[in-house]
Amino acid sequence: MPGLLELRLEINFLNEIRANAFIGFPKLQHLYLSYNNIKSINIHAFSGLKNLLSVHLNENNLINTLFKVNVFENLPSLRVLDISESRITSLDPQQSLLGLTVLEELLLQGNNLHVSDLCNAEGNVSLFQDMHNLQNLDLSRNLFREGFPSSCFKDLRNIRRLYLRSVSLSALQPNLFDNLTNLETLSLDDNKLQEMSSSIFSSQSKLASLYISRNQISSLPTPHVNNLKNISHLFLARTDVSVLPEDEFSSLLANIDVIDLSYNSLSCSCTNAWFRNWVHANYDKVLLTSTKCSRDSPPEFSGGRFIDFEPILLCGPKVLTYVGISVALGVTIFCVILIYYNRWWINYKLFLLKLCVIGYTEVIDDDEYKYDINIIFHDNDEEWVVNYLVPQLQDREAEVVLCVGDDDLPAGMLRLDAAAAAIDNSYKSVFIITNAAINNAWYMTKLRLALQHINRSQRDAILLIFLEDIEDEKTPYIIRLLMSVNRPYLRWSDDLRNRDFFWNELMKTVRKTAKIDVTLPI
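Residue positions are given per chain, counting from 1 as you read along its sequence in written order. Thresholds applied to this predicted model are a pLDDT of at least 70 for local features of residues and 80 or more for the giving and counting of side-chain atom pairs; totals over whole chains, interfaces and linings are not thresholded and use all residues. Water and hydrogen atoms were dropped before computing side-chain values, which therefore reflect all heavy atoms in the structure.

**A short note on a negative patch on the surface**
1) Next: Each patch is built from residues lacking any salt bridge and having more than 30% relative accessible area; the joining distance is 9 Å for like charges and 5 Å for nonpolar side chains (Val, Leu, Ile, Met, Phe, Trp, Tyr). Areas reported as accessible are Shrake-Rupley estimates using a 1.4 Å probe. Residue values count occlusion only from the protein chains shown. Salt bridges, as used here, are contacts in which a Lys or Arg side-chain nitrogen is within 4 Å of a carboxyl oxygen on Asp or Glu. Lys and Arg are tallied as positive, Asp and Glu as negative. Neither His nor the chain termini are counted. By convention, the charge on Lys lies at NZ, on Arg at CZ, on Asp at CG and on Glu at CD. Among the surface-exposed residues, Asp379, Glu382, Asp407 and Asp408 lie close enough to one another that they form a single negatively charged patch.
2) Next: Counting from the N terminus, the helices are the DSSP runs of H or I reaching at least four residues and the strands are the DSSP runs of E reaching at least two. Positionally, aspartate 408 belongs in the loop between strand 21 (402–404) and helix 7 (415–424).
3) Next: A relative accessible area of 35% means that aspartate 408 is categorised as partly exposed. Buried residues are those whose accessible area, probed at 1.4 Å on protein chains only, stays under 20% of the maximum for their type, while exposed residues exceed 50% and partly exposed ones sit between those limits.

Laid out in structure tokens, this is it:
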């Protein structure tokens, strides 16, 4: 019968297929061998069937028949292969289905396969390595409890429908579906999933039908929802989902045709009020069979039907509360801003208040010093120091002895020793604080030398002058330490009204009068 296109041999007592069994049907396109007791297939059983499009071997007894043997390698046109419900216990990922490059549908459900029969994580080998045109894959009702490695489905770039029902999955690798960019239907029903990574559906913008019923998940993380733009069928029956946050689900439900939340316990609280209102307006799109209010719902709704939940009774508008919160928030923000912009002045005044209330110990310093003031600054600030600060100090104290920068350090000594000597022999070390200075290693070294001098001499010998605002998170620890004990510091301002205050406070600090005895921990 050389012209035969379809051959049906279902429901017989065939127990083997020998070599060249179909040699007389060169044009055969569809072969049905379902519901037999086939236990063995010769490697040349399908020889000569180069036009064969589909083979149906479901409901047989293949067990180990396909292990280490590729009986389909001579079928270059095969598009549908059904070997479901055939008690298959083992496959070789490298051999069993090699070469099926045009296969579009593979049905393996209802066997006894394990993950090792599909992919070899160590060798990066997959049963699907040649199936770049596969569109429909059913692996339901197998034993994949150990979970799939992330590379298992990497070759299925054109897959549209993937069924993983009842395979004992408890977890999914975050990037398991990354290459499945054309996936439209995914079924994960009847597994043991408790949670899913926030990136699990990062590539599935075409996903239209998602089945996750009868799992233990309590929510769909926000990144899932935001990426499922084309979802039209969402099945979450018999899960632990109780709350559907509006900011996550409102956009998801915009294009939904069916959402199934049957046999769930939803929270009948204000959090779900928006969803109850959505259900009222889209009653034909939602399935709520035996869906009840959860135990954590208010007592008047707990245990009742979710469909009977009336949000208006619980979540009415609270105008006074909203107004009060808004006013309090506005006042708080205003106060924070006000304090932030006046933080230097406030800190200094609090320091003076502390002196008035607690008092201080006067230390009379009669020692003789080589320098009255040692001015330490970064090279970027030299122009301000030399052309402005030094002349102003000399105008106000004509006899003041200054050590200005590194140029005035004692000669004939190592640079570090010279800097330490200048600090030790100065009545007051004035540090000019700028962003460039606190990022300079040599500048910070001199600040540490000054701190050591304070602890040795038990004398307040440092004054900080801020030429720029320094962000709190960028302020070095040593400067925060100096300021934490309310040591006086000054802030330069271009505002003419504040300059007299600056100079008066500066001269008070550097003149040899009573000081506060403060020792800093290093």
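**Structural notes on the packing of aromatic side chains**
Two aromatic rings are characterised by how far apart their centres lie and by the angle between their planes.
1) Next: Ring pairs shown here join Phe, Tyr and Trp side chains whose ring centres sit within 6.5 Å, with only the six-membered ring taken for Trp; geometry is labelled stacked below 30 degrees between planes, edge-to-face above 60, and tilted in between. In this structure the tally under the stated criterion is 15 aromatic pairs.
2) Next: Aromatic pair phenylalanine 148 and phenylalanine 153: ring centres 5.1 Å apart, planes at 50°, arrangement tilted.
3) Next: Residue phenylalanine 153 is classed as buried on the basis of its relative accessible area, which comes to 0%.
4) Next: Through successive ring pairs, a cluster of aromatic residues spans Trp274, Phe275, Trp278, Phe301, Phe306 and Phe309.
5) Next: The positively charged end of arginine 238 is found above the aromatic ring belonging to tyrosine 263, 3.9 Å away from the centroid.
6) Next: Residue placement shows arginine 415 over the ring face of tryptophan 442; its charged tip is 4.2 Å from the ring centre. Geometrically, a lysine NZ or arginine CZ counts as sitting over a ring once it is within 6 Å of the ring centre and also within 35 degrees of the ring normal.

**Remarks on the state of the cysteines**
1) Next: Here, two cysteine sulfur atoms that lie within 2.5 Å of each other are counted as a disulfide. All chains considered together, the criterion is met by two disulfides.
2) Next: Across the disulfide from cysteine 119 sits cysteine 152; the S-S distance is 2.4 Å. Torsion about the S-S bond of the cysteine 119 and cysteine 152 cystine: about -90°, corresponding to left-handed handedness. Remark: cysteine 152 occurs in the loop between strand 10 (136–138) and strand 11 (161–163) and cysteine 119 occurs in strand 8 (residues 119–120); sequence separation between them is 33 residues. Each member of the pair cysteine 119 and cysteine 152 is classed as buried.
3) Next: In this model, cysteine 268 is linked to cysteine 293 through a disulfide, with the two sulfur atoms separated by 1.8 Å. Between cysteine 268 and cysteine 293 the disulfide shows an S-S torsion of about -80°. By sign, it is left-handed. Residue cysteine 268 is found in the loop between strand 16 (265–266) and helix 3 (273–281), and its partner cysteine 293 is found in strand 18 (residues 292–293); the two are separated by 25 residues along the sequence.

**Focus on helix 6 (residues 382–396)**
An α-helix turns once every 3.6 residues. As a result, residues three or four positions apart point the same way.
1) Next: To estimate how far a helix should reach, multiply one less than its number of residues by 1.5 Å. Over its 15 residues, helix 6 extends 20 Å from the first C-alpha to the last, a length consistent with the 21 Å expected when each residue adds 1.5 Å.
2) Next: At leucine 389, helix 6 shows its maximal kink, close to 30°; a proline, proline 391, follows between one and four residues later.
3) Next: Here helix 6 has its buried residues at Trp384, Val385, Leu389, Val390 and Leu393. Two axes define the bend at a residue: one fitted to the seven residues ending there, one fitted to the seven starting there, and the bend is the angle between them.

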